[in-house]
Amino acid sequence: MASLSIFPAASPESLQLLRHQEQKQQVFSRVSIGIATFQRLPPPLLSLTSKHISFQVQALATAYVHNLGNFENSPSPCTSSQQQKLLRQLALQVEHKKPNDKPTDPIGRAIAHCVRNVRQVNDVDAYLHGLHFDPHAFTTAIQKLGHWRLVDQAFYLFQWLGSQSNPEQQPNMFIFCSILSVMKARQDFMHFDYVLADMKRRRINPNLVLYNIMIECYMQQGRHTDVISCIVELAERGFVPERPIFKALFCVAENKANVNQVLTIFASTRNVLSKYDMKGPLQELHDFVSALYSRIIYAALQKKKGPDYIRRLFQLLDENMMDLSVPHYDEILQNCCLILKDCVVTKYILKRRWKISPPLGVELCNHIMQVMEKDKKWWAALEVFEHMRQEGPPPNAESYVIVRSLFNSLLNVSKERGTCHWSVQLLEKMEEHNIKPDQQAWDTTLIACALKVDADLAIHVFEKMIEKGHQPNVLSYGALLSTLEKCGLYDGAEQVWNHMERMRVKPNIRVYTIMISVYGASQKYEDLRRLLDKMYASNVRPTLVTYNALITVCAMASNGQGALEWMRKLIESGFEPDVTSYSQLILALSSGGQAELAKNMYIEAKELGLLVYPVALDSLVNVCSTHNIELPHELNFRLEASSIHETESKKNDVAHLFASKHSFQ
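From a predicted model like this one, the values you see are computed outputs, not experimental measurements.

Calculation criteria
- Residues numbered from 1 in each chain as written.
- Predicted model: local features only at pLDDT ≥ 70, side-chain atom pairs only at ≥ 80, totals over all residues.
- Heavy atoms only, no water.
- Helix = DSSP H or I, 4+ residues; strand = E, 2+ residues; numbered from the N terminus.
- Buried < 20%, exposed > 50% of the residue type's maximum accessible area, 1.4 Å probe, protein only.
- Contact = heavy atoms within 4.5 Å.
- Areas by Shrake-Rupley, 256 points an atom, 1.4 Å probe, with all protein chains shown as cover.
- Phe/Tyr/Trp six-rings, centres within 6.5 Å; stacked < 30°, edge-to-face > 60°.
- Lys NZ or Arg CZ within 6 Å of the ring centre and 35° of its normal.
- Core = buried A, V, L, I, M, F, W, Y, C linked by side-chain atoms within 4.5 Å.
- pLDDT = per-residue confidence, 0-100.
- Expected span 1.5 Å × (residues − 1).
- UniProt positions renumbered as here; feature names shortened; annotations may be inferred.
- Polar contact = N/O pair within 3.5 Å; in protein donor to acceptor, adjacent residues only side chain to side chain.
- Axes fitted to C-alpha atoms, helices over the stretch in contact; angles between N-to-C directions.
- Parallel < 35°, antiparallel > 145°, perpendicular 65-115°, else oblique.
- Left-handed = near helix turned anticlockwise from the far one by under 90°.
- Nonpolar A, V, L, I, M, F, W, Y, C, P; charged D, E, K, R; others polar.
- Salt bridge = Lys/Arg side-chain N within 4 Å of Asp/Glu carboxyl O.

Peer 1: Break down the overall build of the chain for me, with residues and values.
Peer 2: Scanning the chain from terminus to terminus reveals 34 helices and zero strands. Looking at the chain residue by residue over its 665 residues, the buried ones come to 46%. Across the chain, contacts joining residues at least 24 apart in sequence account for 66% of those joining residues at least 6 apart. Counting every atom, the chain has about 35300 Å² of accessible surface; 53% of that belongs to carbon and sulfur.

Now the structure itself:
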């Protein structure tokens, strides 16, 4: 049949080319439709896209034309719609571009936003099929998905990149770093081994950053064998491990304060580095672990774990042939005694520190002694000082000031406990340490003797003090006078008083009060009057204790009227009488036979809530019974007890006479 066409009959090759051109025209039509739809955006967004991302529209068109040779892989109408969504998101990201953004950052965020809800790799392909972006855009997209905790979606994007035939689109070192960092940050390792296998298949050699990420991922999974294998591989490739690698090695162990794990990893890593003769990394590893271990010890100190636990931590160091660096030892010592009130741990750590070089600084030793003194660990602080003298560092002037203060504190404790002989031994100990006892030390020892009422020792200390070149002060004289007065050595007390006057030491009210008791007990009333005249002439005001001493002197002399006069002066001076005042007044009145007045003073003391001394009550009961004066009802039992005691005494006397007569017969 003749052809009606004006053209000659087409060959099979020409027919195939015609179909190809027809399909090509259809694709360009779809692209034109997509571009037209994109251009129907609002004017602000349209101007922005035409200005900044027109190259992306061109990329889409180029991608479609590029895929004409493979019709089965060409995008479907659905894909075209999703890619329009990607372009809109890209325009939005460009509109909100941050000042510090890289050129690929808006693209990466747009990709992440579009694929955040994908459920498989094909869903990612629907957005990105045929598109060619800078690899850094995919790095940003994976990081953004990781920030949103979308680890699976990040992995699907990674898988899609791995399926691309274009080498420029396939995962590179940065892509692997990004996907592994996402897994590490979210501790989601479901696809971890797949990523590592893919990296090995693509023969990508990790750098130090990627090794760091891999090691930390292994540590978080507890795969310690793989960690060591990674260190070995790193060393074999000639890399020098640095602090980020060590931080990755111990991150999990430090967070859990797992001491055994820290030391196990340290020993394994040390063996690898020693095998490859990496001295620099070895030293850095030691310093890193030392700092880490010191933090663990410090945390244990804060939690008050106790001496046994702290010693065990150091024993584990010894078992693994590891020790802390000098700065870390010093840092622990700086804070140890501040945290723990128990100095056992401080002494243990200090003993270890003294064995290593360089020597311990004298400032740190002084700090330790000061803290121990504050915590009342005086003997422990003295041990530190003795060690300084024997093995160093040599004590400086501040050290001796601290030690002098330590001895004064011990002398005060001895004084409070009344152990005066111990005080004397402390003085001798000070001289052994080439520390000259100061006036405070001598006075404290004399006061301890007064409290213990040891006259012989007080005189010995007093003479020793003068022998060592110290001039006794009013406190020294007062302590010695108090000791002599309590021991009843009144003549000795007068000699000390005379010596004090010759040395022109001005007495205080305490010394005057002691001498009032001395003259009153020795019944030297003329000397007592002269003493009082001198006291008033020196403008020394009597205290309540002084007035009580004067009332007591009157009681000893049975001078009730004098006791009443001193009681009146006591009240006029603004003092309130205490139990001693009333007890001695009642005793003075009772001894002087003034029963009614003594009874009234008792009632007055009772109304004030004061409990009168028993010796004064007994004297009051006796004088009232003698003068037939009715006693207050609460004192009747004392009268009955006195009568019973008198009757029992008479019976005992009769029985004694009968026994004597019987034995004589």
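Peer 1: Describe the packing of aromatic side chains, with residues and values.
Peer 2: Using the criterion set out here, one finds 19 aromatic pairs in the structure. On the basis of an interplanar angle of 70° and a centroid distance of 5.9 Å, the ring pair of Tyr211 and Phe239 is categorised as edge-to-face. Of this pair, Tyr211 sits in helix H11 (residues 208-221) while Phe239 sits in the loop between helix H12 (224-236) and helix H13 (243-255); the two residues are 28 residues apart in sequence, bridging distant segments of the chain. In this structure Phe239 comes out as partly exposed when scored by relative accessible area, which is 21%. Clustering of aromatic rings is evident, with ring pairs tying together Phe155, Tyr156, Phe158, Phe176 and Tyr194. A cation over an aromatic ring shows up here: Lys305 above the ring of Tyr309, its NZ or CZ 5.3 Å from the ring centre. Over the aromatic face of Trp566 sits the side chain of Lys569, whose NZ or CZ is 4.5 Å from the ring centroid.

Peer 1: Residues and numbers for the nonpolar core, please.
Peer 2: In this structure, Ile111, Leu128, Leu180 and Phe250 are the most contacted members of the largest nonpolar core, which totals 190 residues. Broken down by element, this core gets its largest block of residues, nine residues, from helix H15 (residues 279-302). Setting aside anything within four residues of it in sequence, one finds Ile111 in contact with Leu86, Leu128, Phe133, Phe138, Ala141 and Leu157.

Peer 1: Any chance you could break down the confidence of the model for the chain for me, citing the residues and the numbers?
Peer 2: When pLDDT is averaged along the chain, the result is 81, and 83% of the positions lie at 70 or above. The low-confidence segment residues 1-78, where pLDDT is below 50, has 54 contacts with residues more than four positions distant or belonging to other chains. Here residues 642-665 is a poorly scored stretch, pLDDT under 50, and it has one contact once near neighbours within four places are set aside; other chains count.

Peer 1: Describe H11, with residues and values.
Peer 2: A rise of 1.5 Å per residue sets the reference length of H11, with its 14 residues, at 20 Å; its end C-alpha atoms lie 20 Å apart and thus fit the reference within 8%. With ten of 14 residues buried, H11 is to be regarded as a mostly interior element. Inspection of H11 places Leu210, Tyr211, Asn212, Ile213, Met214, Ile215, Glu216, Cys217, Tyr218 and Met219 among the buried residues, and these make up the whole buried set. Where H11 is buried, its residues touch helix H9 (173-186), helix H10 (192-201), H12, H13 and helix H14 (259-275). Of the residues trailing H11, Gly222 is marked for its positive phi of about 75°.

Peer 1: Got a sec to walk through the UniProt feature "repeat: PPR" (unreviewed entry) in the chain? Specific residues and values, please.
Peer 2: Per the UniProt entry, the sites bearing "repeat: PPR" (unreviewed entry) are residues 207-241, 361-395, 438-472, 473-507, 508-542 and 543-577 in this numbering. Within residues 207-241, the helical portion is 77% and the strand portion 0%, while the C-alpha atoms at the span's ends are 11 Å from each other. Within the segment residues 361-395, helix and strand shares are 77% and 0% respectively, and the terminal C-alpha atoms sit 10 Å apart.

Peer 1: Go over helix H7 (residues 135-147), please, and point to the residues and values.
Peer 2: Between its first and last C-alpha atoms H7 spans 19 Å; for 13 residues at 1.5 Å apiece the expected length is 18 Å, and the two agree. The elements touched by buried residues of H7 are helix H5 (105-114), helix H6 (121-128), helix H8 (151-162) and H9. A side-chain oxygen of the first residue of H7 lies 2.9 Å from the backbone nitrogen of His136; this N-cap is Asp134. The first or second residue beyond H7 is Arg149, which carries a positive phi of 65°.

Peer 1: Outline unusual backbone geometry, supporting the account with residue identities and numerical values.
Peer 2: Cis geometry is adopted by the peptide bond preceding Pro358, which originates at Ser357 and carries an omega value of 0°. Positionally, Pro358 belongs in the loop between helix H18 (344-353) and helix H19 (362-374). With an omega of -5°, the peptide bond between Gly392 and Pro393 qualifies as cis. Within the secondary structure, Pro393 sits in the loop between helix H20 (378-391) and helix H21 (397-417). At Gln187, a residue that is not glycine, the phi angle is positive and equals roughly 50°.

Peer 1: Please set out the packing of H9 against H11 residue by residue, giving values where relevant.
Peer 2: In contact at an axis separation of 10 Å, H9 and H11 are set at 25° when each is read in the N-to-C sense. As summarised for this structure, H9 and H11 are arranged roughly parallel, according to the angle between their axes. At the point where H9 passes H11, the crossing takes the left-handed sense. Of H11, the residues touching H9 (which contributes Met173, Phe176, Cys177, Leu180, Ser181 and Lys184) are Val209, Leu210, Ile213, Met214, Glu216, Cys217 and Gln220. Taken together, the residues of the contact of H9 with H11 sort by class into nine nonpolar, two polar and two charged.

Peer 1: So what's going on with the pattern of salt bridges? Residues and values would help.
Peer 2: For the structure on display, the rule yields 21 salt bridges. The partner of Asp198 in a salt bridge is Arg201, and the shortest N-O contact between them spans 2.4 Å. With Asp198 and Arg201 both in helix H10 and three residues apart, the pair spans about one turn of that helix. Under the relative-accessibility criterion, Arg201 is labelled exposed at 56%.

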